[in-house]
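Single-letter residue listing:
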Amino acid sequence: MNILTFDSDEKLNEAAANIIIGQIQTTPRAVLGLATGGTPVGIYKEVVRDFQRGMFSFRNVTTFNLDEYVNLPIDHPESYHSYMNTHLFNHIDLPASQCHIPDGNASDTAAECRRYDESIELSGQIDLQLLGLGHNGHIGFNEPAHALIKGTHVVDLAEETLEANARFFDSIDDVPKQALTMGVGTILKAKKILLVVKGADKADIVHRALKGPITTDCPASLLQTHPNLIVLLDSTAAGKLS
Ligand code: F6R
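Residues numbered from 1 in each chain as written. Predicted model: local features only at pLDDT ≥ 70, side-chain atom pairs only at ≥ 80, totals over all residues. Heavy atoms only, no water.

Per an unreviewed UniProt entry, the recorded name for the protein chain is Glucosamine-6-phosphate deaminase, and the organism is Cohnella silvisoli. The heading Sequence similarities (unreviewed entry) in the UniProt record of the protein chain holds the text "Belongs to the glucosamine/galactosamine-6-phosphate isomerase family. NagB subfamily." (UniProt positions renumbered as here; feature names shortened; annotations may be inferred.)

Below you can see the structure in the form of structure tokens.
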């Protein structure tokens, strides 16, 4: 595991963006696993800026998002479809047929989960998986549990997740209670994982995830088993690491 700490959000975003861009430059047909939430917003901004400077192209890239809310219309401003369009897809040359987000409005969610896993399989391995970290140690929306699920599945969001995501909605009651998420097995199969964490409120969970026991109670702790994990932290998120 390679842990790097940054004293400014700007430098952290730039470093994360450079890893994503470097992946595309060395592997033009890269398969990227993408995350949403507050953490990657500045990273995508950097990626878009360098794309607009003509440094690289997404023409042959394929992307798979980690998750999407269940039963939130895709054109709702807080759907992860809208998020990805706003922060990345609307600004780059990634063909729509090459970007994948689970369909949280599918009438048969089990079939949608199978379909999503099959498309990931078909595209080969994810070359680079971008991850944020939940306050309870979730990655994607794999919440702490007695057992974790390998593939894409429907998940009941944990209370901490509803509370954390309430900031994006008018009230906590508006946060969808369920999501479709890529499973931990798929995440761990990625060739390279880039975990980015920001903020003092994540310092404890960063410590648990990276230095604590490997346990399904903290899904991110399973990342310790990955052979090619890069962790980018701001200095406050790194506050509890010695
Ligand atoms: C988002 C995702 C989540 C977030 C995590 C942190 O696609 O899968 O695991 O990365 O909840 O969210 P932020 O960045 O908003 O603190």
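So, next bit.
(A) Highlighting the pattern of salt bridges. In total, this model carries eight salt bridges according to the counting rule given. Among the ionic pairs, Glu-112 bridges to Arg-115, the shortest N-O distance being 2.7 Å. Here the residue Glu-112 and the residue Arg-115 both occupy positions in helix 4 (residues 109-122), the gap between them amounting to three residues, near one helical turn. Take Glu-112: its relative accessible area is 6%, and that puts it in the buried class. Close ionic contact of Asp-204 with Lys-240 constitutes a salt bridge, the shortest N to O distance being 2.8 Å. With a gap of 36 residues between them, Asp-204 in helix 7 (residues 203-211) and Lys-240 in the segment after strand 10 (229-234) connect regions that are remote in the sequence. In this structure Asp-204 comes out as partly exposed when scored by relative accessible area, which is 49%. (Salt bridge = Lys/Arg side-chain N within 4 Å of Asp/Glu carboxyl O. Helix = DSSP H or I, 4+ residues; strand = E, 2+ residues; numbered from the N terminus. Buried < 20%, exposed > 50% of the residue type's maximum accessible area, 1.4 Å probe, protein only.)

(B) Layout of the UniProt feature "domain: Glucosamine/galactosamine-6-phosphate isomerase" (unreviewed entry) in the protein chain. The positions that UniProt labels "domain: Glucosamine/galactosamine-6-phosphate isomerase" (unreviewed entry) are, in the present scheme, residues 12-226. A helix fraction of 33% and a strand fraction of 14% characterise residues 12-226, whose end C-alpha atoms lie 22 Å from each other.

(C) Spotlight on the sheet that holds strand 7 (residues 153-156). Read from one edge to the other, the open sheet built from three strands follows the order 4-8-7, with strand pairing classed as antiparallel. The sheet is open, and its two edges are formed by strand 4 (67-69) and strand 7, each paired on a single side. Between one strand axis and the next, the sheet turns through 30° on average, direction left out of account. (Pairing = 2+ DSSP bridges. Axes fitted to C-alpha atoms, helices over the stretch in contact; angles between N-to-C directions.)

(D) The arrangement of the pairing of strand 10 in detail. Most of strand 10 is tucked away, with six of its six residues classed as buried. On strand 10, burial covers both faces: Leu-229, Val-231 and Leu-233 on one face and Ile-230, Leu-232 and Asp-234 on the other are all buried. With five bridges connecting them, strand 9 (residues 192-197) and strand 10 associate as parallel partners. Within the sheet, the bridge partner assigned to Val-197 lies in strand 10 and is Leu-233. Following the chain from strand 9 across helix 7 to the adjacent parallel strand 10, one finds a crossover that is right-handed. (Right-handed = clockwise from strand over helix to strand, strands pointing away.)

(E) Region of the structure containing the nonpolar core. Counting residues in each nonpolar core, the largest one holds 73 residues, and the members touching the most others are Ile-20, Leu-32, Phe-58, Leu-88, Leu-194, Leu-195 and Leu-232. Among the elements that make up this core, the one with the highest residue count is helix 1 (residues 9-26) (eight residues). Sequence-distant contacts of Leu-195, defined by excluding residues within four places in its chain, comprise Leu-131, Gly-132, Leu-133, Leu-210, Leu-223, Leu-229, Ile-230, Val-231 and Leu-232. (Core = buried A, V, L, I, M, F, W, Y, C linked by side-chain atoms within 4.5 Å. Contact = heavy atoms within 4.5 Å.)

(F) Region of interest: unusual backbone geometry. For Asn-71, which is not glycine, the phi torsion reads 65° and is therefore positive. Looking at the element boundaries, Asn-71 is found in the loop between strand 4 and helix 3 (80-87). On the basis of relative accessible area, Asn-71 is assigned to the exposed category, the value being 59%.

(G) Just the site of the ligand, in detail. Near the ligand, the surroundings consist of 14 residues, among which Gly-38, Thr-39, Asp-67, His-138 and Gly-140 are the closest. Take His-138: an N or O atom from its side chain is 2.6 Å from an oxygen atom of the ligand. Compared with its free state, where it exposes 410 Å², the ligand has 94% of that area covered by protein. Considered class by class, the residues forming the shell around the ligand number three nonpolar, eight polar and three charged. (Near = heavy atom within 4 Å. Polar contact = N/O pair within 3.5 Å; in protein donor to acceptor, adjacent residues only side chain to side chain. Areas by Shrake-Rupley, 256 points an atom, 1.4 Å probe, with all protein chains shown as cover. Nonpolar A, V, L, I, M, F, W, Y, C, P; charged D, E, K, R; others polar.)

(H) View of the UniProt feature "active site" (unreviewed entry) in the protein chain. Following the UniProt record, the feature "active site" (unreviewed entry) maps to Asp-67, Asn-136, His-138 and Glu-143 here. As for its placement among the helices and strands, Asn-136 is situated in the loop between strand 6 (128-131) and strand 7. Not counting chain neighbours up to four residues away, the residues in contact with Asn-136 comprise Glu-143, Pro-144, Ala-158, Glu-160, Thr-161, Ile-205, Asp-217 and Pro-219. Within the secondary structure layout, His-138 lies in the loop between strand 6 and strand 7. Given a relative accessible area of 11%, His-138 falls into the buried group. Discounting chain neighbours no more than four positions away, the residues touching His-138 are Gly-132, Leu-133, Glu-143, Thr-161 and Pro-219. Polar contacts involving the side chain of His-138 include one to the side chain of Glu-143, which spans 2.9 Å.

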